[in-house]
2 protein chains.
Amino acid sequence: MTDPLPPELVDLRRSIDNIDAAVVHLLAERFKCTQQVGRLKAAQGMPPADPEREEAQVTRLRELADAAGLDPVFAEKFLNFVIAEVIHHHRQISEPR
Amino acid sequence: MTDPLPPELVDLRRSIDNIDAAVVHLLAERFKCTQQVGRLKAAQGMPPADPEREEAQVTRLRELADAAGLDPVFAEKFLNFVIAEVIHHHRQISEPR
């Protein structure tokens, strides 16, 4: 048998689980937006990736992260991680089957 | 000069920016929790990683993602991405300098 967890740890894990649930629901909403963007871009013949927009997003998120006490390097890695998934979706929408 | 963006795209990008700001603030809060977890684990001599807890988190988040219309595979990748950063932080806390 393992030792029981410290109550403070159990409490922190509950908060982490609540935050994760909120983030997952926000990401679901975000992909709904980017799927609309993907369809719009495909319909207008616009390229899936937009380096200028991505640069503006990175700059803004790094600033927001810094103000919120989150490592800006992590915020940038996070955005790149999400954008990579979005571009993958956009390519799937725009490519002929 | 480039063509002006379709108004629908501008609007969607504003929603994406709002969602990203919300996620960044939630992640800032999440890392505050995991830093407390890291200090607690270091103080009690507990290992930084906890495979059983991580497995439960993955299962739960995949279910939440599925219900929210988010690709469960992406939700799992996202959690692994965040956990990798957390374990990196915990190692920094527990390692002697």
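Each remark here, short or long, concerns the structure printed above.
Residues numbered from 1 in each chain as written. Chains lettered and ligands numbered in written order. Predicted model: local features only at pLDDT ≥ 70, side-chain atom pairs only at ≥ 80, totals over all residues. Heavy atoms only, no water.

Chemist: Even after reading the chapter, I still don't get the overall build of chain A, so can you show me in this structure?
Modeler: The helix and strand inventory of chain A stands at three helices and zero strands. Seen in sequence order, chain A has helices and strands lined up from the N terminus as α-α-α. Relative to the compact-globule value of 13 Å for 97 residues, chain A shows a C-alpha radius of gyration of 18 Å, a clear excess of over 25%. Each principal axis of the C-alpha atoms in chain A carries an extent, and together these give about 60 × 30 × 20 Å. For chain A, the residues scored as buried account for 41% of the 97 residues in total. Put simply, 62% of the contacts in chain A that link residues at least 6 apart link residues at least 24 apart. (Helix = DSSP H or I, 4+ residues; strand = E, 2+ residues; numbered from the N terminus. Rg over C-alpha atoms; globule rule 2.2 N^0.38 Å. Buried < 20%, exposed > 50% of the residue type's maximum accessible area, 1.4 Å probe, protein only. Contact = heavy atoms within 4.5 Å.)

Chemist: I'm lost on the relation of the copies chain B and chain A in this one. Help?
Modeler: Each of the two chain copies can be brought onto the other by rotation about an axis and movement along it. Expressed as a screw transformation, the operator carrying chain B onto chain A has a rotation angle of 180° and an axial translation of 0.0 Å, and the superposed copies differ by an RMSD of 0.0 Å. In the structure described here, the two chain copies are related by an operation that fits a two-fold rotation axis. Relative to the rotation axis, the closest C-alpha in chain B is found at V23(B), a distance of 3.0 Å. A high fraction, 100%, of the interface residues of chain B reappear at the interface in chain A, so the copies pair face to face through one surface. (Least-squares fit on C-alpha atoms with pLDDT ≥ 70 in both.)

Chemist: Is there a simple way to think about the packing of helix α2 (residues 51-68) of chain A against helix α1 (residues 7-44) of chain B in this case?
Modeler: Packed helix pairs are specified by the crossing angle of their axes together with the interaxial distance, meaning the distance between the axes. Contact geometry for α2(A) and α1(B): axes closest at 10 Å, N-to-C directions at 35°. The two elements α2(A) and α1(B) cross, and the hand of that crossing is right-handed. Where α2(A) abuts α1(B), its residues R53(A), Q57(A), R60(A), L61(A), L64(A), A65(A) and A68(A) lie against R13(B), I16(B), D17(B), N18(B), D20(B), A21(B), V24(B), H25(B) and A28(B). Its residues assigned to classes, the contact of α2(A) with α1(B) comprises eight nonpolar, three polar and five charged. (Axes fitted to C-alpha atoms, helices over the stretch in contact; angles between N-to-C directions. Left-handed = near helix turned anticlockwise from the far one by under 90°. Nonpolar A, V, L, I, M, F, W, Y, C, P; charged D, E, K, R; others polar.)

Chemist: I would appreciate a short explanation of the interface of chain B and chain A in the present structure.
Modeler: Many descriptions give the size of an interface as the accessible area lost when the pieces come together. Across the boundary between the two partners, chain B contributes 48 residues, which contact 48 residues of chain A. With both sides pooled, the region where chain B packs onto chain A buries about 4,800 Å², and carbon together with sulfur makes up 75% of that total. For the chain B face of the interface with chain A, the top three residues by lost area are R53(B), F74(B) and F81(B), together amounting to 13%. The shortest N-O distance in the salt bridge between D50(B) and R13(A) comes to 2.9 Å. The tally of links between chain B and chain A comes to 10 residue pairs in polar contact (both at pLDDT 80 or more). Secondary structure elements with two or more residues in the side of chain B that touches chain A: α1, α2 (51-68) and α3 (72-94) of chain B. (Buried area = accessible area lost by both parts, 1.4 Å probe. Salt bridge = Lys/Arg side-chain N within 4 Å of Asp/Glu carboxyl O. Polar contact = N/O pair within 3.5 Å; in protein donor to acceptor, adjacent residues only side chain to side chain.)

Chemist: When you look at the side chain of R53(B) in this model, what are you seeing that I'm missing?
Modeler: In this fold, R53(B) is placed in helix α2. For R53(B), the side chain forms a polar contact with the side chain of D17(A), separated by 3.2 Å. Aside from chain neighbours lying at most four places away, what touches R53(B) is R13(A), I16(A) and D17(A).

Geometric values such as these leave the question of function open.
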